[in-house]
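Breakdown of the fold
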Amino acid sequence: MIFGSTNANMINSYFHTKYITAVALLCSCFFMTSCENNINEVKALGNNKGGIDIGKDVAIYMSDGGRMTAKMMAPVMKKYLLDSGQMVEFPNSIKVDFYKDSAKVDSKLSANYAKYIQEENLFFLKGDVVVYTTQGDTLWCKEMYWEQKTNKFHTDKEVVVKQHNPISKVYGLGFEANQDLTDIKIFKPQSNSFAIIS
């Protein structure tokens, strides 16, 4: 009897192995027919010039020598990959807090749109651009540039500057200013500007 039960187990094992092999072959045929690539789409992937990384509700911390100098916040950030200028775009507004030391906000900036060109270390800001300090100085313009190397703002467009000491409100065309608005040069002040010297 021992030989008969061994023979029956071998037959069951043989059919079991054949069954598993048949199922595996059918499944692989199914997967091979379901995976289909268009050759033109595959070639287009190799020719791709770059993509876009998109970040939502981003906060970027900037530092100099281990000291935090600014915090940028934006609802959407788009980084264009493999772009020659390494451009980063903030299409839905940007807000920046500037720090005098790492714990105290000294001034703030906001704009409806911003574009950063990494190669030039330069921001272009437009749409209701406002810079204001904790002392009450405020600058308004439609568009301006923010140079990271020099920490300066500038434009050749219309600008309005309100200062607290001396109390003044100056309208002009074109300006250059540092980030904390302590040194502002308006290129063409307009006649409707006023100053109250106390």
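Our structure's up above, just so we're on the same page.
Rules behind the numbers
Residues numbered from 1 in each chain as written. Predicted model: local features only at pLDDT ≥ 70, side-chain atom pairs only at ≥ 80, totals over all residues. Heavy atoms only, no water. Salt bridge = Lys/Arg side-chain N within 4 Å of Asp/Glu carboxyl O. Helix = DSSP H or I, 4+ residues; strand = E, 2+ residues; numbered from the N terminus. Buried < 20%, exposed > 50% of the residue type's maximum accessible area, 1.4 Å probe, protein only. Contact = heavy atoms within 4.5 Å. Pairing = 2+ DSSP bridges.

Next up on the list: the pattern of salt bridges. Scanning all chains against the criterion turns up three salt bridges. The salt bridge partner of Lys-152 is Glu-176, with a shortest N-O separation of 4.0 Å. Highlighted residues: Lys-152 in strand S9 (residues 152-164) and Glu-176 in strand S10 (residues 167-178), separated in sequence by 24 residues. Classification of Lys-152 by relative accessible area gives partly exposed; the value is 26%. Residues Asp-156 and Lys-157 are paired through a salt bridge, measuring 3.9 Å at the closest nitrogen-oxygen approach. Given a relative accessible area of 57%, Asp-156 falls into the exposed group.

Attention now moves to the environment of Val-96. The residue Val-96 is located in strand S4 (residues 94-101) in this model. In this structure the C-alpha to C-alpha distance between Val-96 and Ala-59, which are 37 residues apart in sequence, comes to 9.5 Å. Beyond its immediate stretch of four places on either side in the chain, Val-96 contacts Ala-70, Lys-71, Met-72, Ser-107, Lys-108, Leu-109 and Trp-146.

Now for the pairing of S4. Pairing geometry for strand S2 (residues 67-80) and S4, over four bridges, is antiparallel. Each residue of the ladder has a partner; that of Met-72, found in S4, is Val-96. Note: S4 against strand S5 (residues 104-111), seven bridges, orientation antiparallel. By the bridge assignment, Tyr-99 is partnered in S5 with Val-105.

As judged from the four bridges shared by strand S3 (residues 87-90) and strand S6 (residues 113-117), these two strands associate in the antiparallel manner. Bridge assignment links Phe-90 to a residue of S6, and that residue is Ala-114. As paired strands, S6 and strand S7 (residues 122-133) are joined by five bridges and run antiparallel to one another. When the bridges of S7 are listed, Lys-115 appears paired with Phe-124. Joining the antiparallel neighbours S6 and S7 is a turn of four residues, in which Asn-121 adopts a positive phi near 55 degrees.

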